[in-house]
Amino acid sequence: MAYERLSAHDVRSQERWRGMAFGRIQSGPFAGRVISIVEFSETGCRIRDHAITCEPGDVFHMMLEDVGPMVVDVRWKNGAFVGVSYRAPLRPVVLDHLRKEIDKPLQERMARLMERGPQL
């Protein structure tokens, strides 16, 4: 789904996509943890996880669906939501792939992610 501004205060410079995507943290104290990604763009994503205890400035590796692992920097945390930026922007072909993936059934994508297991 294409990004729609939530308010006049939303001044993001890049399009974001909303939808339920899955990821997996690949390093640090939460290695192997499956996470929900509720929004992603070329340069970062918003994660929803009630148990993660990270702070701005933390760095970890993560998978986004079947893309990665990639190095991400925690930019902000607000309750169960965490904003991260990728160290390298996603290429257009990768963004197209991710948009197609999130249109597939949740169960199919989650099963594929679980089959891969931790990739350290």
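Coordinates for the structure precede this section.
If you're wondering where the values come from, they're calculated on a predicted model, not measured in any experiment. (Residues numbered from 1 in each chain as written. Predicted model: local features only at pLDDT ≥ 70, side-chain atom pairs only at ≥ 80, totals over all residues. Heavy atoms only, no water.)

Details of the nonpolar core
Counting 24 residues, the largest nonpolar core has Phe40, Ile47, Met62, Leu64, Tyr86 and Leu90 as its most contacted members. Those elements giving two or more residues to this core turn out to be β1 (16–25), β2 (34–41), β3 (44–48), β4 (59–64), β5 (67–78), β6 (81–86) and α1 (92–101). Of all the elements, β5 adds the most residues to this core, at four residues. Non-local contacts of Tyr86, meaning those with residues more than four positions away in its chain, are made with Phe40, Ser41, Glu42, Thr43, Gly44, Cys45, Met62, Leu64, Met70, Val71 and Val72. (Core = buried A, V, L, I, M, F, W, Y, C linked by side-chain atoms within 4.5 Å. Buried < 20%, exposed > 50% of the residue type's maximum accessible area, 1.4 Å probe, protein only. Helix = DSSP H or I, 4+ residues; strand = E, 2+ residues; numbered from the N terminus. Contact = heavy atoms within 4.5 Å.)

What about the pattern of salt bridges?
By the definition in use, this model includes five salt bridges. Salt-bridge contacts for Arg46 lead to Glu39; the nearest nitrogen and oxygen are separated by 3.8 Å. (Salt bridge = Lys/Arg side-chain N within 4 Å of Asp/Glu carboxyl O.)

Some remarks on the pairing of β4
Sheet analysis places β4 next to β5, joined by five bridges and oriented antiparallel. Across the sheet, the residue bridging to Phe60 is Val72, located in β5. Linkage of β4 to β5, two consecutive antiparallel strands, is achieved through a turn of two residues, within which Glu65 is found at a positive phi near 55°. (Pairing = 2+ DSSP bridges.)

Observations regarding the side chain of Ser36
Along the chain, Ser36 turns up in strand β2. The residues contacting Ser36, other than those within four sequence positions of it, are Met20, Ala21, Arg46, Ile47 and Arg48.

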